[in-house]
Amino acid sequence: MKTIKIEGWQSVEDLEMQLGPAAQMLREGSLVAFPTETVYGLGANALIPEAVLAVYQSKGRPSDNPMILHVSTVDDIRDITSQWTELAAKLAEAFMPGPFTLILKKGEAVSSAVSGGLETVAVRIPNHPIARTLIRLAGVPVAAPSANRSGRPSPTRAEHVRADFGNGIACLVDGGATRFGLESTVLDVSDEDAPQILRPGSITYEMIAEFLEKNWSFESSTWRETLKGEAGIAEQDKITDQRFVARSPGMKYRHYAPDAKLYIIEGDLKTAREKILTEQPGAKVFFFVSQEAAEELSLSSAVEKKIFGSRHNPDLAAHDLYAALRDFDAAGADVIVAEALPQSQVGSAYMNRLMKAADVLVQSNQVTELKRSD
Ligand code: TXA
Ligand code: MG
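A brief report on the enclosed structure follows. Quick caveat: nothing in here was measured; it's all calculated off a predicted structure.

Definitions and limits used
- Residues numbered from 1 in each chain as written.
- Chains lettered and ligands numbered in written order.
- Predicted model: local features only at pLDDT ≥ 70, side-chain atom pairs only at ≥ 80, totals over all residues.
- Heavy atoms only, no water.
- Helix = DSSP H or I, 4+ residues; strand = E, 2+ residues; numbered from the N terminus.
- Buried < 20%, exposed > 50% of the residue type's maximum accessible area, 1.4 Å probe, protein only.
- Areas by Shrake-Rupley, 256 points an atom, 1.4 Å probe, with all protein chains shown as cover.
- Lys, Arg positive; Asp, Glu negative; His and termini not counted.
- Charge placed at Lys NZ, Arg CZ, Asp CG, Glu CD.
- Near = heavy atom within 4 Å.
- Polar contact = N/O pair within 3.5 Å; in protein donor to acceptor, adjacent residues only side chain to side chain.
- Core = buried A, V, L, I, M, F, W, Y, C linked by side-chain atoms within 4.5 Å.
- Phe/Tyr/Trp six-rings, centres within 6.5 Å; stacked < 30°, edge-to-face > 60°.
- Contact = heavy atoms within 4.5 Å.
- Arc of directions from axis to C-beta.
- Pairing = 2+ DSSP bridges.
- Axes fitted to C-alpha atoms, helices over the stretch in contact; angles between N-to-C directions.

1. A short note on the overall build of the protein
Inference 1: Summing up its helical and strand segments, the protein has 14 helices and 16 strands in all.
Inference 2: Dimensions along the principal axes, computed over C-alpha positions, put the protein at roughly 55 × 55 × 35 Å.
Inference 3: Residue burial in the protein is summarised as follows: out of 374 residues, 56% are buried.
Inference 4: A total accessible area of about 15,300 Å² is found for the protein, and carbon and sulfur atoms account for 48% of it.
Inference 5: For the protein, the distance from the average site of its 39 positive side-chain charges to the average site of its 50 negative ones is 3 Å.

Here it is, written out as structure tokens:
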């Protein structure tokens, strides 16, 4: 595998020169991993079906799980969708480029290999300068799922991509750690009257709702509930609720999971910890918690842990989650204990990923096994 390490650039031309070989490989059909502002992506030329198939094979990804097409301008989106509505245009103006993906009806140029057989397509314009320049230079839409093996935590550093793929891909562009740490918000706008968040992210429900409140008038008054999507139902109900599975195929699979057994703790943290330690005597336990929780649990310096900062700033937890899960696995954890956060702002995205990755939810008065199809 060729690695291109980008440590800085003097000018746009300088960055273009450094990315030139990667862009050429991408255009010609090889797989190229690159950083975006969310997580690293594993890119393929979306116009070459063999290249798209190679992404599914390398990741071990089920073929019914469609990919996001990455482009560098809004005009490029119009070329790959058959639906460019006023609502889509307004949302694109507000949130693109950025950690934001729109689902629209697909154009004819999009092969069913990319869309997993659906009539819609996911499109995103990353705002990471490396990603955007690479895509512009490649000159084609780039199908790019997160650059992890299917089921594993998404990569937020180049070394995570290397750990999952080794020499299995042609090129890795190393641009350092990613800014947000969780994948983009996915918003389905294929029905203009009922936009729905299929995957929460750093462009939050609150931001989208506020924007729509000011800039769009809906026929129905229930649009906010619909917009909220899966985040609108309680965690416990989600385990049995199949309503949201159909609309975004990717969300039905167990995801983002470390090798260690992952417990989420919520409520009275000391009681929750006791329950886990009783169930797992002698286990090597690692904690992913806020500063406040570390104090509540009196975690000593000898305890293996990653403290992400204040629980009132979920952006920090989101930024560190995947790297912590990977680091703990590498350090031989048997058990990982991660703190639940309130489900507002980026806390919704953090909890969404944690619930999909975890084995057990431990609340003060209740223990829930989170059984999902793999
Ligand atoms: O931040 C991100 O979005 C990253 C970076 C690399 O851009 N990419 C990413 O891709 O997370 P991936 O493939 O790991 O996740 C794409 C999600 C999946 O849950 C998939 O099911 C959903 O988007 N998706 C893609 N096309 C869809 C469609 N037409 N309808 C509904 N959901 C779709
Ligand atoms: Mg993924």
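2. Looking at the site of ligand 1
Inference 1: Neighbouring ligand 1 are 27 residues, the closest being T38, R61, N65, H70 and S184.
Inference 2: Contact between ligand 1 and S184: an oxygen atom at 2.6 Å from a side-chain N or O atom of the residue.
Inference 3: Protein contact buries 97% of the 680 Å² of open area that ligand 1 shows by itself.
Inference 4: Within the residue set of the shell around ligand 1, elements represented by two or more residues are strand 3 (40-45), strand 4 (68-70), strand 6 (120-124) and strand 10 (196-199).
Inference 5: Looking at the shell around ligand 1 element by element, the count peaks at four residues for strand 6.

3. Comments concerning the nonpolar core
Inference 1: Ranked by internal contacts, the top residues of the largest apolar core, which has 49 residues, are L91, L102 and L212.
Inference 2: Core analysis: the second largest hydrophobic core is formed by 31 residues, A317, M351, M355 and L361 among them.

4. Considering the packing of aromatic side chains
Inference 1: Going through the model one piece at a time under the given rule, you end up with eight aromatic pairs.
Inference 2: When the centroid spacing of 5.2 Å and the interplanar angle of 55 degrees are considered together, the rings of F95 and F100 count as tilted. Here the two residues F95 and F100 agree in accessibility, since each one is buried.
Inference 3: Arranged with centres 6.4 Å apart and planes meeting at 35 degrees, the rings of F288 and Y350 form a pair that is tilted. Placement of the pair is F288 in strand 12 (residues 285-289) and Y350 in helix 14 (residues 347-357), with a sequence separation of 62 residues. Exposure class is identical for F288 and Y350. Each is buried.
Inference 4: Clustering of aromatic rings is evident, with ring pairs tying together F95, F100 and F211.

5. What about the environment of T156?
Inference 1: Looking at the element boundaries, T156 is found in the loop between strand 7 (142-143) and helix 7 (158-165).
Inference 2: Once residues lying within four places of it in the same chain are set aside, the contact partners of T156 are V39, Y40, G176, A177, T178, G181, Y322 and A323.

6. Quick look at helix 8 (residues 205-215)
Inference 1: For helix 8, the complete set of buried residues consists of Y205, I208, A209, F211 and L212. An end-on view of helix 8 places all buried positions within 165 degrees of arc, on one side of the element.
Inference 2: The elements touched by buried residues of helix 8 are helix 4 (86-95), strand 5 (100-105), strand 9 (185-188), strand 10 and helix 9 (223-228).

7. Thoughts on the sheet that holds strand 15 (residues 360-363)
Through backbone hydrogen bonds, the strands of a sheet pair up, either in parallel or in antiparallel fashion.
Inference 1: Read across the open sheet, the six strands follow the order 13-12-14-11-15-16; overall the sheet is mixed. Of all strands in the sheet, those with a lone pairing partner are strand 13 (305-307) and strand 16 (366-369), marking the two edges. Looking at each pair of strands side by side, their axes are set apart by 15 degrees on average, direction ignored.
Inference 2: Across four bridges, the pairing between strand 11 (residues 261-266) and strand 15 is parallel. Within the sheet, the bridge partner assigned to I265 lies in strand 15 and is V362.
Inference 3: Packed onto the sheet, helix 14 meets strand 11, strand 12, strand 14 (335-339) and strand 15 and runs at close to 135 degrees relative to strand 11.

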